[in-house]
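# A structural walkthrough
Chain by chain, the residues run as shown.
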Amino acid sequence: MTGFFSLLLKPFENGHAHAGMLFISLLTGAVMLFLFKLTSNQEAMKQVKNKISAYFLEMRLYKDDISTVMASQRRILRANMQYMKLAVIPAVVMIVPVVLILIQLDLRYSHMGLGVGSTAIVKAHVAEGVDLMTHPIHLRASEGIEKASPAVRIPALGEVDWKIRVTKPGVHEVILADGTDEINLPIFATTRSIPIYSKFAKGSLFESIFNPGAPRLPVESVLSSVEISYPEMSFNWRVIHLSWFWSFLIISMAFGVILKFVFKVE
Amino acid sequence: MRRVLILAVMLALVALVVNSTGGDNKPKLLVLGFDGMDPRITRSLMAEGRLPNFQRLAQKGTFTELETSVPPQSPVAWSNFITGMNPGGHGIFDFIARDPKTYLPYLSTTVTEDAKRKLKIGKWLIPLSKGKVKLLRHGKSFWEILEDHDIPTVVLRVPSNFPPSGKTTRSISGMGTPDILGTYGTFSFYTTKPYVITEETGGRIYIVDSFNNKVETKIVGPPNTFLEGNPDAELPLTIYLDPDFPVAKIVIEDTELILNEKEWSDWVTLRFKMMPFASVQGIVRFYLKSVRPDFELYMSPIQIDPRAPALPISTPADYSKELAKAIGPFYTQGIAEETWALNEGRLNEDEFLRQIEFVFDQTKKMLDYELDRFDWGLLYCYFSTSDPLQHMFWRFRDPQHPMYEPQLAERYGETIEYYYTRLDSVLGHAMDRVGPDATVIVLSDHGFTSYRRNFHLNTWLYRNGYLALRDEFRQESDEFFENVDWSGTKAYALGINCLYINQIGREAEGIVSPGPEKEHLLDELRRKLMAVVDPETGEHVIAQVYKAEDWYSGECVDEAPDLVVGYNAGYRGSWETALGKVTRTLITDNNKAWSGDHCMAKEVIPGVLFASKPIANPQPALYDLAPTILGEFGISATPEMVGSDLFDRIAQGR
């Protein structure tokens, strides 16, 4: 899935993240609309919507007759419930691809790569029962980054932190050594819109779904997780700054509303 | 008809081209303000060939001394510069002013008013009207007049301009801008050392415990005016120390950073929640001074975040955001150099020098950002660093100073000169960028000299029978005249140079009648003060005493101090005097790192003036600069201005 999205967004990798976001939102709007049309009972939906329009007309015509207005409102409510019921199946069908898309967008657009000269924290957690003072963890940095502090060991939290500094752009590595194993983890010092893995854990179904493509920590490692503190990314749409999530939600819905007239979807 | 049309199109194109290139004939004026640049040091360095760019400018036009203000304090002096008036016109007479009805001081340049009406819902106070921040400087600034004539103007960090005046001028406020607590800069110092004092000038000390290499404390933010009783907003601060290495991890809510011992952090954003969906944002830098044996963490005063300013610090309002986007977050507090931290020993000299380098760099970046698009109009930029540096490092160049230490002098004795050469580089770079046709002016608001001895003016008034104490047995008074008996007081001092008569009808408990009695008293005080001699040195303490009526004119004269005391080189009004204290001693050694000063007689510490053109007036004063700047754009000085255009426009063909 990560490979598929990387291929899909390849043309936007080196450009502005906004272009990729607009493209994926447009595509999502179109695909979701198509799925909605495919999985919903369009005829029934059309009838329900017509009924709602009719009840509104009824309310306007008999606005002086309170009992009729109340009855119309009750019918509108009931018709709305019917519409929602008809939308349940398409929504259930759509939720799966939407979640997968959200996971992929989160990988690409929730964090920025590190700039040259900037620093980040590498935070490693050890498995319960491992004593950090007797079981030291070491960090080495590949070319392009340097270790900017010794380890800060916090035995009470089972945590050890380092500060690293970027000296060259690119995708670099930190190597964590626990005495027996060495684990290489990527550090992204790039402006490209590529998946930026900020958390690494041991393999599990949850990790495979929600952190796809990220290198896994070996099962036998004393490390239970490693996090890298990348700066958060937000989209500046001139009038407003939005996170990737709200940007995607608003733009894809806007495209959906526009395209529904093209695809004639109820 | 067709020809006319073609001609019109061509003319329009020409106009468009001229406009888009900025117009070669349009005046371009660069003004650099170097706070506290002293003519004696400048001359000496120029003679040694260490200021080649100042030399270049002097050879092209002018280098002379510039008469400063009465008194020569930065907010007063820069207000003279801004308005072309003396303090009688712009109303800034000292860093602090006094309310004659309460005898209490207030900051002279700005007043902040809370919302007048509030709705109380439970513990919450919901404001029904807006609070106000008001600039107390009177008179129109030269950039507002330029705005009226559609001249593009940029004014970076000029003092006495908070909140910034003007509309279209791109400006960032300077000295006078508070930190987020509303003070002129309050640092925080967290330590495991058991200090006795937890409140000191310019900062707060927090004594903390380190338990299992973990320190838990808080960051105290601004008072929360949305809550009853206005309690201080707070943020939790946790510090984890490595058991062996000199390094720590600092955690403030979601923000985490790692600092090595002796390392400054980048800017850290703090968000103080005031009420649901409302917070105030500030930025700080941390300095991990020591991990062991005692933990010591310094936190700078909390700056108003230029990316989300809680108070107006720029015009247009979005300009601070634009600047922060271009150069990164920056110090917004008026006096950004952390002099109090050095004065109180929380930072040492090297640490202080590193900190002022941040401020110097950010100002250079601001200037560069504006130089990139400077086509025509006015670009003004203020560099503050030379002032605090001379305040704090003068002791290393004056062997007679009580704080002089030969070893330290060996190490830091050339620091002030070094920064003059840095200013020279800034000037050279800016001159090259603006080109040979631009007019360049460089000025300082005053010079500098040694501040060896404190003179306690209220003590002198007490000992000479002009000020009475309620409890005579104590022979002193705490700040704000706590023990002063106003019914027996004829005169009192507040601020560094200001002396007031306790006048009937003006002061709440005045006893001196305006008219002959007051005049006689003023003359007597003036005569006696100028005769004061320091028994230890045999020198006259006071060089000049200025009577308000002789030196001030304009709409604010009524608010002026009655006398302004101009000290001799080596002497200054004490910090205690400034806050209305009476001490048991009259003249004491200055044992603070704050060892150089300029709050003396104006004749003792003139500023500098450089210009790329010769000037017509052989004795220029600060208030001449505003008319000169206006004259550069063909605009006449306003009737309120007391200064005049320094350039001979007829001889120069404009």
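Residues numbered from 1 in each chain as written. Chains lettered and ligands numbered in written order. Predicted model: local features only at pLDDT ≥ 70, side-chain atom pairs only at ≥ 80, totals over all residues. Heavy atoms only, no water.

### Some words on the state of the cysteines
Residue and element names in this part refer to chain B. By the definition in use, this model includes 0 disulfides over all chains. Distance from the sulfur of C498, which forms no disulfide, to the nearest cysteine sulfur (C599) is 9.8 Å. The exposure class assigned to C599 is buried, which follows from its relative accessible area of 2%. (Disulfide = S-S within 2.5 Å. Buried < 20%, exposed > 50% of the residue type's maximum accessible area, 1.4 Å probe, protein only.)

### Description of the sheet that holds strand β6 (residues 170–177) of chain A
Backbone-to-backbone hydrogen bonds join strands into a sheet, with any given pair of strands oriented parallel or antiparallel. Residues and elements named next belong to chain A. With respect to topology, 3 strands assemble into an open sheet ordered β2-β6-β7, the strand pairing being antiparallel. Since the sheet does not close on itself, it has two edges, and those belong to β2 (138–141) and β7 (182–189), each with one partner. Neighbouring strand axes in the sheet, compared pairwise and without regard to direction, differ in orientation by 25 degrees on average. (Pairing = 2+ DSSP bridges. Helix = DSSP H or I, 4+ residues; strand = E, 2+ residues; numbered from the N terminus. Axes fitted to C-alpha atoms, helices over the stretch in contact; angles between N-to-C directions.)

### Focus on the environment of K116 of chain B
All names here are of chain B. Looking at the element boundaries, K116 is found in the loop between β5 (110–113) and β6 (118–121). Using a relative accessible area of 70% as the deciding quantity, one classes K116 as exposed. Between the alpha carbons of K116 and G131 there is a distance of 7.3 Å; along the sequence they are 15 residues apart.

### Some points on the domain arrangement of chain B
Interfaces are often sized by the amount of accessible area the parts lose when they come together. Residues and elements named next belong to chain B. The assigned domain composition of chain B is domain 1 (25–92 + 137–177 + 334–448 + 605–654), domain 2 (178–315) and domain 3 (452–592). Using C-alpha coordinates to define each centre, domain 1 is positioned 31 Å away from domain 3. Each side of the interface is counted separately: domain 1 has 19 residues, and domain 3 has 17 residues. Summing both sides of the interface, domain 1 and domain 3 together bury roughly 1600 Å²; the carbon and sulfur share of this comes to 54%. Ranking the residues of domain 1 by area buried against domain 3 places V70, G88 and P402 at the top, with a combined share of 30%. At the boundary of domain 1 with domain 3, the tally comes to 2 salt bridges. (Domains from an automatic or database assignment. Contact = heavy atoms within 4.5 Å. Buried area = accessible area lost by both parts, 1.4 Å probe. Salt bridge = Lys/Arg side-chain N within 4 Å of Asp/Glu carboxyl O.)

### A closer look at the sheet that holds strand β20 (residues 268–275) of chain B
All names here are of chain B. Reading across the sheet, the 3 strands line up as β20-β21-β24 and stay open at both edges, with antiparallel pairing between neighbours. A strand with exactly one partner marks an edge of an open sheet, and here the two such strands are β20 and β24 (303–304). Two strands pair when backbone bridges link them, and strand β21 (residues 278–284) and β24 are joined in this way by 2 bridges, in the antiparallel orientation. For I283, the partnering residue across the bridge sits in β24 and is Q303.

### Focus: the interface of chain A and chain B
Taken residue by residue, the interface counts 17 residues in chain A and 16 residues in chain B. Taking both partners together, chain A and chain B bury about 1300 Å²; carbon and sulfur atoms supply 57% of that area. There are 6 salt bridges connecting chain A and chain B. For K163 of chain A, the salt bridge goes to E263 of chain B, with nearest N and O atoms at 2.8 Å. Between the two partners, chain A and chain B, sit 8 residue pairs in polar contact (both at pLDDT 80 or more). The greatest single-element share of the side of chain A that touches chain B, amounting to 5 residues, is contributed by strand β5 (residues 159–166) of chain A. Residue composition of the side of chain A that touches chain B, grouped by class: 9 nonpolar, 2 polar and 6 charged. (Polar contact = N/O pair within 3.5 Å; in protein donor to acceptor, adjacent residues only side chain to side chain. Nonpolar A, V, L, I, M, F, W, Y, C, P; charged D, E, K, R; others polar.)

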